[in-house]
Amino acid sequence: MTRGPQVGELRIDGDRLLRRLRELGEVGSTGDGGCARLALTDADRSGRDLVTTWMRDLGMQVAVDEIGNVVATLPGQEAGAAVMCGSHVDTVATGGIYDGNLGVLAGLEVVETLSAAGVVPRRPLAVAFFTDEEGSRFAPDMLGSLVYAGGLPVEEAYDIVGIDGARLGDELARIGYLGSLPCPGQAPHAYVELHIEQGPVLERHGETIGVVTGVQGISWQEVAIAGQSNHAGTTPLAYRHDAGLAAARVAVYARQLAAGMGGDQVATVGKLDLFPDLVNVVAGRATLTVDLRNTDEARLAEAERLLGAELDRIALDEGVRCSRRHLARFEPVEFDPRVVQVVESTAGSLGYSVRRMPSGAGHDAQMLARVCPAGMIFVPSVGGVSHNPAELTTPEHIEAGANVLLHVLARLADQGWS
Ligand code: HGY
Ligand code: MN
Ligand code: MN
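Worth saying up front: this structure is predicted, and the values here are computed from it rather than measured.

Q: How should a negative patch on the surface be read in this particular structure?
A: Together, D13, D15, E396 and E399 give the surface a local cluster of negative charge. Position of D13 relative to the elements: it lies in the segment before helix 1 (14–25).

In structure tokens form, the structure reads like this:
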């Protein structure tokens with residue numbers, strides 16, 4: 001790394017980073033402090049366009065791959081595999097302005113800080129955003145980084161149908177982000193992702209930096225229930241095959257299952273559709289999603305087994321048919337201890353309090369971990385709230401996280417694994 005001032009003395013410009021976060025947060029604004037940029041919608045395109053404009057303004061080489069992942073590169077003194085950071089710029093429908101966006105924009109802030117100081121890293125630096133990290137419209141989540149890492153053939157990804165009936169490949173072409181860079185992508189030298197914690201742990205313990213050790217396992221299942229629509233007034237209870245009641249039993253059981261298993265087990269029924277969805281008709285069909293997560297793969301598999309047994313019980317009791325399919329299934333991931341160590345020692349040397357912790361949410365880093373040493377940096381979420389317009393991380397913590405990212409990237413771009 002050619003040295004302008006001592007790299008160690010460099011700090012990011014927190015106000016500049018906040019300005020970009022707020023400007024990007026206006027794209028797809030929901031008017032309540034949040035934003036909605038579901039993957040491959042017009043709002044996602046507008047967010048992508050804004051971020052790629054910033055990338056080009058910073059003199060970075062911007063490439064779009066076959067699944068719409070965008071990788072911007074700042075050349076290093078040497079060629080070869082880049083040290084990559086990034087995250088995602090798609091959001092859920094009730095998104096805040098920090099989830100994903102912070103990791104991408106902090107990466108641009110790092111590039112701007114180094115360039116302004118005349119510092120050229122030994123290795124190239126890349127800032128990426130990956131397609132459809134949320135998976136809310138097109139499942140699974142972390143779809144773009146999964147394809148980038150070779151975990152899903154791009155042709156298969158193109159045929160995924162979204163919750164609105166759209167085909168992923170058609171939407172990617174429609175928004176103009178069907179790129180030519182081949183997938184799987186080039187394995188970076190290392191990957192580091194700055195992200196809001198999206199939970200209450202750091203705030204509860206009063207720590208500034210989460211040193212993320214890994215990501216818990218994720219199981220998304222879609223449960224389809226077939227009963228019999230009937231008249232709400234004339235049909236005696238014993239004659240009903242009520243898909244709505246069956247769906248409600250699944251939701252109650254999911255919560256009881258997680259509470260009973262304890263530990264890290266969580267369960268969520270986030271999406272529930274009834275047909276015909278009318279006040280005076282016993283529901284003939286129900287479709288719902290069950291999101292199960294655990295840091296322990298065996299426990300997660302057990303939770304899936306128990307859910308299956310309960311579906312059989314409900315089918316028998318209510319005289320309905322239950323079927324299920326996976327929308328996503330990822331085992332827990334442990335990050336490379338060398339990257340974890342660099343994050344922890346860097347944050348400590350900058351004077352920040354740190355806590356080692358697993359991630360409750362899925363992240364692109366868990367997919368990059370398949371192809372290179374990867375790790376994450378967390379900053380606190382106020383009230384532990386996320387996937388909600390009230391999502392908030394303080395400017396002080398944003399600046400701390402971006403400074404840790406700056407110096408972690410500088411170390412990884414400049415040194416080997418010694
Ligand atoms: O679902 C998740 O954990 C992430 O927000 N995609
Ligand atoms: Mn995220
Ligand atoms: Mn998210």
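Now that the structure has been shown, we can carry on.
Q: Which parts of the structure should I look at to understand the coordination of the manganese ion (ligand 3)?
A: Six octahedral donors around a metal ideally subtend angles of 90 or 180 degrees, whereas four tetrahedral donors ideally subtend 109.5 degrees. For the manganese ion (ligand 3), the full set of protein donor atoms is D99 (OD), E134 (OE), E134 (OE) and H387 (NE2), and the range of their distances to it is 2.1 to 2.6 Å. If you look at the manganese ion (ligand 3) and the manganese ion (ligand 2), they sit 3.5 Å from each other and are both ligated by D99. With D99 in the loop between strand 3 (83–87) and helix 3 (101–116) and E134 in the loop between strand 4 (125–129) and helix 4 (143–148), the pair connects residues that are 35 residues apart, well separated along the chain. Its relative accessible area of 6% is what places D99 among the buried residues. Classification of E134 by relative accessible area gives buried; the value is 8%.

Q: Where do I start with the site of ligand 1 in this structure?
A: Near ligand 1, the surroundings consist of E133, E134, D141, W220, R293, A361, G362 and H387. Contact distances for ligand 1 include 3.2 Å between a nitrogen atom and a side-chain N or O atom of E133. At a separation of 3.2 Å, an oxygen atom of ligand 1 approaches a polar side-chain atom of D141. Relative to its unbound accessible area of 210 Å², ligand 1 is 95% covered by the protein chains.

So, how was this worked out
Residues numbered from 1 in each chain as written. Chains lettered and ligands numbered in written order. Predicted model: local features only at pLDDT ≥ 70, side-chain atom pairs only at ≥ 80, totals over all residues. Heavy atoms only, no water. Patch = residues over 30% accessible without salt bridge, like charges linked within 9 Å, V, L, I, M, F, W, Y side chains within 5 Å. Areas by Shrake-Rupley, 256 points an atom, 1.4 Å probe, with all protein chains shown as cover. Salt bridge = Lys/Arg side-chain N within 4 Å of Asp/Glu carboxyl O. Lys, Arg positive; Asp, Glu negative; His and termini not counted. Charge placed at Lys NZ, Arg CZ, Asp CG, Glu CD. Helix = DSSP H or I, 4+ residues; strand = E, 2+ residues; numbered from the N terminus. Donors = N, O, S within 2.8 Å, 3.2 Å for Na, K, Ca; no water. Buried < 20%, exposed > 50% of the residue type's maximum accessible area, 1.4 Å probe, protein only. Near = heavy atom within 4 Å. Polar contact = N/O pair within 3.5 Å; in protein donor to acceptor, adjacent residues only side chain to side chain.

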